[in-house]
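Coordinates in review
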Amino acid sequence: MTTSIILETPSPTLGLIPENGLSVVHTSPPRVDGLEKVTGSALYAADYSFPGMLYGKILRSKHAHARIVHIDKSKALALEGVKAVITHADAPKELHAGSPAPRVGQMVADQYVLAEKARYFGDGIAAVAAVSEEILEEALHLIEVEYEPLPAVFDMVEAMKPDAPSIHGTERNLVGPPFIIERGDVEEGFAQAETIFEGHYETGRPVPCYMEPNACVCRWDRGGKLTIWSSTQCAFMVRGILSQVLGIPAHDVRVIVEHMGGGFGAKQDLYQHEFVCAILARETRRPVKMEYSRKESFLGGRSRHPIKITLKQGLGKDGLLTAREVRLVSNTGGYASHGLGITAVGCLDIASLYRCEKNLKIEGISVYTNNPIAGAYRGFGAVQAFFALETQIDEMAVASGVDPLDFRLKNIVGDGDLSPSEHHILGDGLAVCLRRGAEEMGWYERKKMGRNNSSPLKRGWGVGTEMHSSGAYPDIEEQSNAIIRMNEDGTVNLIIGMADLGTGTRTMAAQIAAEVLGISLGEIRVIDGDTDVTPFDIGAYASRTTYVGGGAVLKAANHLKKQLLELASERLECPLEDLSLIEGRVFAKNAPNEGIAVRDLVSGEGGRPPRTLIGQGNNEPTVAYSFGAHFAEVEVDTEIGQIKVLQVIAVHEIGRAINPVAVAGQIEGGIQQGIGHALTEDFIIDKKTGRPLNPSFVDYKMPLALDMPKIKTIILEEFPDPSGPFGAKGIGEDPIIPIGPAIGNAVYEATGVRMRELPITPEKFLKAFAET
Amino acid sequence: MRPFDYFEPATLPEAVSLLERFDGRASILAGGTDLLVEIKERIRLPDHVINIKKVPGLDYLSYDPVDGLKIGSLATLHEVETSPVVIEKYAGLYQAARELGSIQVRNRATVAGNICRASPSADTLPPLIADNATIHTFGPDGERSIPMEKFFTGPGKTVLLDGEILTRINVPSPPPNTGKVYLKLGRRAAMELATVGVAVTLTLDGNECRSVRIVLGAVAPTPMRATDAEDILIGKAISENAIEEASQAAKDQCRPISDVRGSADYRREMVRVLTGRALRMSIEAANEGNSPFDISTDQTVD
Amino acid sequence: MKHMVSTIINGERRELAIKPYRSLLDVLRNEAELTGSKKGCDVGDCGACTVILDGKPINSCLVLGVEVDGSEITTIEGLADHTAPGAPLHPLQESILQHGGAQCGFCTPGILMAAKALLDETPRPTDEEARFAIAGNLCRCTGYTKIVESILSISGSEGAL
Ligand SMILES: Cc1cc2nc3c(=O)[nH]c(=O)nc-3n(C[C@H](O)[C@H](O)[C@H](O)COP(=O)(O)OP(=O)(O)OC[C@H]3O[C@@H](n4cnc5c(N)ncnc54)[C@H](O)[C@@H]3O)c2cc1C
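The structure displayed is predicted, hence computed values, not measured ones.

All names here are of chain B. The complete set of buried residues in helix α1 (residues 12–22) reads L12, A15, V16, L18, L19 and F22. The buried residues of α1 occupy one face: seen down the axis, they fall within an arc of 160 degrees. Structurally, α1 contributes buried residues whose contacts are with β1 (5–7), β2 (26–29), β3 (48–51), β6 (134–139) and β10 (165–171). Two to three positions downstream of the cap, the backbone nitrogen of E14 sits 3.1 Å from a side-chain oxygen, assigning the N-cap of α1 to T11. Of the residues flanking the end of α1, it is D23, one or two places downstream, whose phi is positive at about 40 degrees.

All names here are of chain B. In space, the 3 strands of this open sheet follow the order β1-β3-β2, with parallel pairing throughout. The open sheet has two edge strands, β1 and β2, and neither has a second partner. Mean inter-strand twist for the sheet, computed between neighbouring axes without regard to direction, equals 25 degrees. As paired elements, β1 and β3 share 3 bridges and run parallel to each other. Residue pairing for β3: Y6 is matched across the bridge by V49.

Inspection of the region around the ligand gives 35 residues, with I28(B), T33(B), D34(B), R44(B) and T110(B) positioned closest. In this structure the ligand sits where residues from chains B and C come together. A distance of 2.4 Å is found between an oxygen atom of the ligand and a side-chain nitrogen or oxygen belonging to R44(B). In the model, an oxygen atom of the ligand is placed 3.1 Å from a nitrogen or oxygen of the K184(B) side chain. Protein burial of the ligand: of its 980 Å² of free accessible surface, 94% is covered by the chains. For the shell around the ligand, the elements supplying multiple residues, two or more each, are β2, α7 (111–117) and β10 of chain B. A total of 4 residues in the shell around the ligand trace back to one element, the largest contributor, which is α7(B). Considered class by class, the residues forming the shell around the ligand number 18 nonpolar, 9 polar and 8 charged.

Residues and elements named next belong to chain B. Of note, S247 is situated in helix α10 (residues 240–253). A relative accessible area of 3% means that S247 is categorised as buried. Excluding residues within four positions of it along the chain, S247 makes contact with R272, T275, G276 and L279.

Together, E182(A), D185(A), E187(A) and E188(A) make up a region of like negative charge exposed at the surface. In this structure, E182(A) sits in strand β8 (residues 179–183).

Next up on the list: the packing of aromatic side chains. Following the criterion strictly, the structure yields 15 aromatic pairs over all chains and no others. Between the aromatic rings of F4(B) and Y21(C), the centroid separation amounts to 6.2 Å while the plane-to-plane angle is 80 degrees, which identifies the pairing as edge-to-face. Taken together, the residues F4(B) in the segment before β1 and Y21(C) in the loop between β2 (12–18) and α1 (24–31) connect one chain to another. In terms of burial, F4(B) and Y21(C) fall into one category: buried. Grouping aromatic residues by their ring pairs yields a cluster made of F298(A), F683(A), F697(A) and Y700(A). Against the face of Y377(A) rests R304(A), its NZ or CZ located 4.3 Å from the ring centre. In this structure, R446(A) is placed above the aromatic ring of W443(A), and the distance from its NZ or CZ to the ring centre is 3.8 Å.

Calculation notes
Numbers given for residues are sequential positions, taken from 1 along each chain in its written order. The order in which chains are written sets their letters, starting at A; the order in which ligands are written sets their numbers, starting at 1. With the structure being a predicted model, the display of local features is reserved for residues of pLDDT at least 70 and the display and counting of side-chain atom pairs for 80 or more, all residues being used for whole-chain, interface and lining totals. As a convention, hydrogens and water are excluded, and side-chain values are obtained from all of the structure's heavy atoms. Exposed residues in this analysis have more than 50% of their type's maximum accessible area, buried residues have under 20%, and partly exposed residues fall in between, with area computed by a 1.4 Å probe over protein chains only. Strands here are runs of E lasting at least two residues and helices are runs of H or I lasting at least four, both read from the DSSP assignment and numbered beginning at the N terminus. Working note: the arc is built from the helix axis to C-beta atom directions. We call two residues in contact whenever any of their non-hydrogen atoms come within 4.5 Å of each other. Identification of polar contacts relies on pairs of N or O atoms within 3.5 Å, with a donor-acceptor requirement for protein atoms, meaning one able to donate a hydrogen and the other able to accept it, and with residues adjacent in sequence counted only if both atoms are side-chain atoms. Two strands make a pair as long as DSSP finds a minimum of two bridges between them. In this analysis, axes come from line fits to C-alpha atoms, helices being fitted only over the stretch in contact, and the angle between any two N-to-C directions falls in the range 0 to 180 degrees. Residues are counted as near a molecule or strand when any one of their heavy atoms sits within 4 Å of it. For the area figures, the Shrake-Rupley method with a 1.4 Å probe applies, and any residue is considered shielded solely by the protein chains shown. Residues were grouped as follows: Ala, Val, Leu, Ile, Met, Phe, Trp, Tyr, Cys and Pro as nonpolar; Asp, Glu, Lys and Arg as charged; and all remaining residues, including Gly, as polar. Each patch is assembled from residues with relative accessible area greater than 30% and no salt bridge, linking like charges that lie within 9 Å and nonpolar side chains (Val, Leu, Ile, Met, Phe, Trp, Tyr) that lie within 5 Å. Salt bridges are identified by distance alone: a Lys or Arg side-chain nitrogen within 4 Å of an Asp or Glu carboxyl oxygen. Counted charges follow a simple rule, with Lys and Arg positive, Asp and Glu negative, and His plus the chain ends left uncounted. Note on charges: their place is set at NZ of Lys, CZ of Arg, CG of Asp or CD of Glu. Pairing of aromatic rings covers Phe, Tyr and the six-membered ring of Trp, with a centre-to-centre limit of 6.5 Å; geometry is then stacked below 30 degrees between planes, edge-to-face above 60, and tilted otherwise. In our convention, an over-ring charge means Lys NZ or Arg CZ found within 6 Å of a ring centre and within 35 degrees of that ring's normal.

Next up, the structure:
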């Protein structure tokens, strides 16, 4: 492990790890699929080709809101090499929700495969299949579309006015009923306050920018079965919703995800091309490949929800919070996607983090506008909610003359307090993270050099915290499955339903299985991402794969181990409880030198064919919480308004790090995205036309290697959760959350300017700086 | 990409005759880092692409004290940024080259292509104009030489005639006590198109400003000289007041637009700030008589 | 009209019939059947298609396939000679595996090629030089920390961290 990571494991470990310690889990072997990735042999969806394959592309609306009066496809069809052109008239009239999380009421079926009405600039309205990409490009330009432009609305507040254009025919363009939390009497709480703070906070429209643009290849066999190679986080959702829309049974859709170039939540949704590709392939009876260009991945992709939050809190004489009132409005764009879920999570999150259980009133609204679709993105609702809360907490500390860290430690939720899901929190993880980070950077000793020097460059430190659920409970009743099959030579096939979108799921799963079975990683092959083969799984998101999916692997491995021991018990004529499984051999307590190799237990003998042992694991936990605190140092150039992050100290309490290097990788990557969101990343939509102004990597500015600060990552394992494998909790989403407010608060320390809107662009900063 | 025919002329006259033959429907391909993007994005739809990289004698970068720096039309940005003489004597150009795109881009992109694309934000233009460069062309009517300052007529537009090819850029040798700076404003440390670019080439005579050329990028349809600012400084003693006055004059003279990279007001204000900074840095460099950029390879990072 | 192009890709001479309006990236991925180089943006902004052309790292999406006649190209598939069974990886490949510098892996081929080009010229880069060399390569998973560590550790300049 490198010097930038510190891993701290206190004893005791609550019986969550074996007595003789861990040997595979809690280490950082190279990824089990790493060799493929470093040699260029890993296959991603767009790398597949088949004989006779066609290429497909979507024609996208040039209006943000328009009725499609007529589409003339004759010229395109006449072009040599064009094999099919489809419009809404050729596509199934079946409304779908884009991301059908099973058993959840939060999704709204409001999308057609191809619509008769475009609801955002870039909405797909027709599609072509042709023999080459060049012909495809020409054909798209030969399709003639007659639009009837409709009045459009882009601002979420405007969209709720009675005379606003209606996007889906819902009242005031609301996606659904408001999400409301009420506890105690908020007015009473404000009456008790010595000071009341109220502020408006706003977050921008960052885009996940997974490096692999959306892509899929579809192929039908003559028996009517569809195979789709797709870049998706949720193979089973793709199967489920394709089968619904195409009107074919689930077993006639096979979804294969081999390698995936990132998703960060957005690839939970089915995108238009996945439907269109299947339809084009069915129509032409040829395989069809569709790849989004980078521009399409912006236009037809999913961004984070821009959210406006009005936050009002009361502070008592004793320095404790007395009341919190929140109104949260979220801009979901042309279609609902995860709009309701994100609003709900934002509301639940902002109800927690700082103790204010008695007097609370929160209302969240999700609104349609004619902007590109906002969807699921790492930090789902939490990024926005905690930016507001963490900024205002800082303001309260400053205004009341209390050190921001001390203020936090006094009010932060801890053991037994209510979590966002209204469970009781396990452990003082937040306080521990705050203290550990403060110690590492020397919070109380730091020199506040910033504001008063004569140089235009000012420096300051800031802190932000977060807590995040592992898994999507209570939004989704969590569940994962795993199957482990032992082969006749003692090797193992581990079959899991989760896709590995790049986070290291396969490696994590293999490590857990290897730990339980006492075998090496090399003796395990993970099979995943194939709906014909693996057990059901809702997908890789919500910081759930280790916590929920890893738990299923643990159960399956234990199930297999039990069968092995039972076999050994017969063979060795030794009671079960006296057997132990170590390094591929089963030993009896009284005969530590003899034992029997696992291979010999399963290989068959004397003409008897080998037995197949199958372990099965189904895991349905509720929820656990991980905690984090980020400390960021910034330098602000107060003449040009640019902010540079100089260093970050990231402390995360995650129960158990199954693979510490992979955990640190999540943290460092989350910080890169979070720095981008705080400073440079914003998908900008023209306020008059709804046309995206920066759908490219030149003008949508993600931090590059030269822009990234030094990061020190501290992983704590203070509060392992009994419901997670070996005590492990999630980490995927956590690190993107606290970095934003940490940067905003550091800018305040450096310059005295309070920024309540992300991203903090140079122009916004200079304007605010001039006003202070 | 939309289909086109492809040619690899072996001589300049051959290239020129192809251009004439295709009469406006052909594009010259040098590094291709602009042209291919424009074709892919259907901003430009040539029926014919003429790759001039096989024409011998265009790929050079040479210097002599009398004629100064000669940049052949196939010289890449990478060749420029790694040239010791550029680093030493053309610090503004060096800085512009080093901050252009990425290494991958600079290994293909040519200075000539940067000039002929004539983007208002093109990085090498301000320092080359500040250095009083001249452009040499070859066309149906033979050779021409054009002061670079007069070369640009609008975004993407130059005085190049149909069939004309840029063959060489000539940059005079700097007199002693000259300081050169190019400052590029962008949000990231690399892969940025300038929101504002400011180039200053300034020569001192004792404490007096003997000559100065200030060129602004990305704040007008073409790179522009901040002549009002220059007038404030030339022939006068250097002072903080004069620098501030000149910076303000540059701000007043520029004519930026608002776009996704920055508002017109922001750009104007940044012209003021960056002109001031560039002037101070170039004065320091002129005083020390060397490049303001540390070029040692074993520099340590804090 | 197709043009015949003769080029050496990963040490092997290839004669390819190429349409002039095909990028080198498309030629590599389709005609040459080497899908390791990735298309992340197709306009030079992301670096995922980086290959080494006559010794220099370039974006293969911004070169025409017809331009490489007579040239030599190294792609990720040729970074180490693993055509021979058991042949070792390039030290960079080994290092990025060990340091966890590849997550989703989509930017990895481009990053490795840019890093190889750096080390070919500067065997002991500083942290700053390593970051400068991969400034044209976007990665959205790692935050670059482990990528830079991978590069510095094999060049023995880890102390520069
Ligand atoms: C990712 C990326 C980042 C970039 N970053 C920057 C940046 O930071 N700053 C910046 O200024 N630019 C940037 N560019 C733009 C581009 O790289 C430069 O403008 C480059 O110098 C163009 O040179 P080229 O040789 O590639 O030109 P080409 O694309 O080959 O040609 C450009 C234009 O000039 C014409 N042309 C070329 N040579 C001649 C000639 N000798 N005579 C007549 N006409 C000619 C061509 O027909 C074409 O119209 C970037 C481009 C990319 C793709």
